[in-house]
Amino acid sequence: MTETHHPFHVIEQRILLAISYAWLAYGVLFLFLEPIIGPIASALVLLPVFIGAWYGGMAYAMLSAMVSFSFNMYMYILAAVAPLAPIEHIGGNMIALVFAFAVGVFSETRKQLADEIIQRKEVEEQLQRLNDRLSFEVEQRSSDLQTTNQKLRQELGNRKSAQHEAKYREAILETVSGIAEIALKADSWVTIIPDALRDLGLATNVDRVYLSENSMGRHSQVLTNQIEEWHAPGVEDHSNDPNLSNFDFQAQGFGRWVDVLSQGGIINSDVAQMPKAERDFLTKQGVDSILLVPVLTGFEWWGSIGFDSVGKIRIWSKAEIQALNAAASILGASILREADYERTLLGWAKALELRDEETEGHTQRVTELTVRLAEKLDCSEQEIIHIRRGALMHDIGKMGVPDNILRKPGPLTEEEWKIMRRHPVYARDMLAPVLFLAPAITIPLSHHERWDGSGYPMGLHGRDIPFAARIFAVADVWDALSSDRPYRAAWEKGRVEEYIRKQRGKLFDPEIVDAFFDLMKIETQHA
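About the cut-offs
Residues numbered from 1 in each chain as written. Predicted model: local features only at pLDDT ≥ 70, side-chain atom pairs only at ≥ 80, totals over all residues. Heavy atoms only, no water. Helix = DSSP H or I, 4+ residues; strand = E, 2+ residues; numbered from the N terminus. Buried < 20%, exposed > 50% of the residue type's maximum accessible area, 1.4 Å probe, protein only. Arc of directions from axis to C-beta. Contact = heavy atoms within 4.5 Å. Core = buried A, V, L, I, M, F, W, Y, C linked by side-chain atoms within 4.5 Å. pLDDT = per-residue confidence, 0-100. Pairing = 2+ DSSP bridges. Axes fitted to C-alpha atoms, helices over the stretch in contact; angles between N-to-C directions. Phe/Tyr/Trp six-rings, centres within 6.5 Å; stacked < 30°, edge-to-face > 60°. Salt bridge = Lys/Arg side-chain N within 4 Å of Asp/Glu carboxyl O.

Caption draft 1: Geometry of unusual backbone geometry. Of note, the amide linkage connecting Tyr456 to Pro457 takes the cis form, showing an omega dihedral of 15 degrees. As for its position among the elements, Pro457 is in the loop between helix H15 (442–446) and helix H16 (467–482). Although it is not a glycine, Asn246 sits at a positive phi angle of roughly 50 degrees. Residue placement: Asn246 occurs in the loop between strand S2 (222–231) and strand S3 (247–248). Accessibility expressed as a relative area gives 46% for Asn246, which makes it partly exposed. Look at Asp378: it is not a glycine, yet its phi comes out positive at around 65 degrees. Within the secondary structure layout, Asp378 lies in the loop between helix H10 (362–376) and helix H11 (381–392).

See below:
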């Protein structure tokens, strides 16, 4: 059956065909004008979809939607010829129209979403760049803060270290100052040594501090003896070490030390870095590092103060060494001062012996014997110092006795004896103004007092007589009777002992007499 076409339909097809070609031209232009036309152009593109859907049916509506969706120039060519398709029923066209409208709305929505996605990506990229920049700045600032913090910590540490060092130096200087103050007031350097070594050890936090005194050997070699030591708890005591007694520097391979110390230099070294002989000896002593500071009495190298570190290496600072050198100088000055005192006293004693020919050599002998007896009786070092000085000066008062009485060859008259018996008082008057000799006055003043009260110048009795004078009285009589005098020969030892024992409890303190002969027995056995 032949299909008939409505005349109006043919006219419409031609009109639509013309419109389609017009839209094809617009589609081509759209590709170039879309950035300018914008939203209006997008809306006009939907028009072929509606027209195609109305006249071309469902299939053409889908094709037209694809054309609008992709905005492709070649799809517009299809859209231009699509209206030639046969007309279907009105229901189908309506469905196609609705579907085409929905597709158009979806297309616009998709574009908006795409634009939003692009915008979001741009925003995200901006945010990422900002985040990266902020992260870099935070990291950079954190690094700067860390560097600043490290500098502040280092500065704080340096300040604390400097404060600690300052306090440490102050403690050492206070110790040295205290030693100087005590040395000026002390009767003898011997009495200050134990406390001085202890204070220096505690102030410097060292393990062992000791004082050594030099002497000359038989072949003029330098020997040294450790005479006093302080050591920290748990550190081995070397005070009785025989290896440190009469230590021969040259024989032991320590000749270098003599050259350095005698010129006022110091020995300051890690034992491991020392020459072999020095290293081997000190390693056996358990010493890891050592500091030796010379004690000089004037220009003479008297001895050394040593500082040992055990179990660790000690690095001494310049300030520490200067302070310890000052301590050694104070000790050296104290020793020199006392040596000057000693030489002065010996000079006085010698001058007296030259004046009184009867007593030549007596002063030195009786002094040494008195000191040994005092040690036997457990007198302290401080007491022995004054006993020694008093013994040296025991007859110094005779310098106030006229020569015609002191050197008279015959017996003295009663008046001459009164003058002679004043010599202890003369001694007191001579020595009292000399401060360092004031504690030693007891022997010059009281050595003629007797246990039974028959002595002079004050007639003291028993324990009222100073202990030092009671010690000296026994030693004085022993030496006087045991020695030759111009008017008589020396007594035999047995006769002297018999005499002194008979005077026990009369002229002499009984306990001291017993101690004296115990000493004589011991010394005879070891002679």
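Caption draft 2: Molecular detail of helix H8 (residues 276–284). Residues Glu278, Phe281 and Leu282 constitute the buried set of H8. The arc that holds the buried residues of H8, viewed along the axis, is 90 degrees, so those residues lie on one side. In H8, the exposed positions angled more than 90 degrees off the buried face are occupied by Lys276 and Lys284. Here the buried face of H8 lies against S3, helix H7 (255–261) and strand S5 (289–297).

Caption draft 3: Region of interest: the nonpolar core. Counting 34 residues, the largest nonpolar core has Leu211, Val295, Ile305, Phe307 and Leu331 as the members making the most contacts within it. Counting residues per element, the ones that place at least two in this core are helix H5 (90–185), helix H6 (189–204), strand S1 (208–216), S5, strand S6 (300–309) and helix H9 (318–355). Residue contributions to this core peak at eight residues, all from H9. Apart from the residues within four sequence positions on either side, Ile305 is in contact with Leu197, Val209, Tyr210, Leu211, Leu291, Leu292, Val293, Val295, Ala328 and Leu331. Within the second largest apolar cluster, 30 residues are counted, among which are Ala475, Trp478, Phe516 and Phe517.

Caption draft 4: Here's a closer look at the confidence of the model for the chain. Taken as a whole, the chain shows an average pLDDT of 79; of its residues, 75% reach a score of 70 or greater. A low-confidence stretch, residues 1–9 (pLDDT under 50), is modelled with two contacts involving residues beyond four sequence positions or located in other chains. Note that pLDDT drops below 50 for residues 67–97; the model gives that stretch 60 contacts with residues more than four away or on any other chain.

Caption draft 5: Quick peek at the environment of Ile305. Along the chain, Ile305 falls in strand S6. Through-space distance from the C-alpha of Ile305 to that of Leu292 is 5.8 Å; in sequence the pair is 13 residues apart.

Caption draft 6: Structural context of the sheet that holds S6. Strands sit in the order S3-S2-S1-S6-S5-S4 across an open sheet of six strands; the sheet is antiparallel. Whereas interior strands pair on both sides, the edge strands pair on one side only; in this sheet they are S3 and strand S4 (267–270). As paired elements, S1 and S2 share nine bridges and run antiparallel to each other. Residue pairing across strands places Ser212 opposite Gln226, the latter belonging to S2. Taken strand by strand, H6 contacts S1, S2 and S6, and its axis lies near 65 degrees from that of S2.

Caption draft 7: Region of the structure containing the packing of aromatic side chains. All told, the structure shown has 12 aromatic pairs when counted by the stated rule. Here the aromatic rings of Trp491 and Tyr499 are separated by 6.0 Å at their centres, their planes lie at 90 degrees, and the arrangement is edge-to-face. For Trp491, a relative accessible area of 21% corresponds to the partly exposed category. Taken together, a centroid distance of 5.2 Å and an interplanar angle of 80 degrees make the contact between Phe516 and Phe517 edge-to-face.

Caption draft 8: Expanded view of the pattern of salt bridges. Applying the stated rule across the entire model yields 21 salt bridges. A salt bridge links Arg256 to Glu278, with the shortest nitrogen-to-oxygen separation between them at 2.6 Å. Here Arg256 is found in helix H7, whereas its partner Glu278 is found in helix H8, with 22 residues between them in sequence. Residue Arg256 is classed as partly exposed on the basis of its relative accessible area, which comes to 37%. Note on Glu278: relative accessible area 1%, which makes it buried. Across the pair Lys408 and Glu416 runs a salt bridge, and its minimum N-O distance is 2.8 Å. A relative accessible area of 26% means that Lys408 is categorised as partly exposed. Taking the relative accessible area as the measure of exposure, Glu416 reaches 15% and is therefore buried. Within the structure, one salt-bridge network assembled from shared partners comprises Asp195, Arg198 and Asp199.

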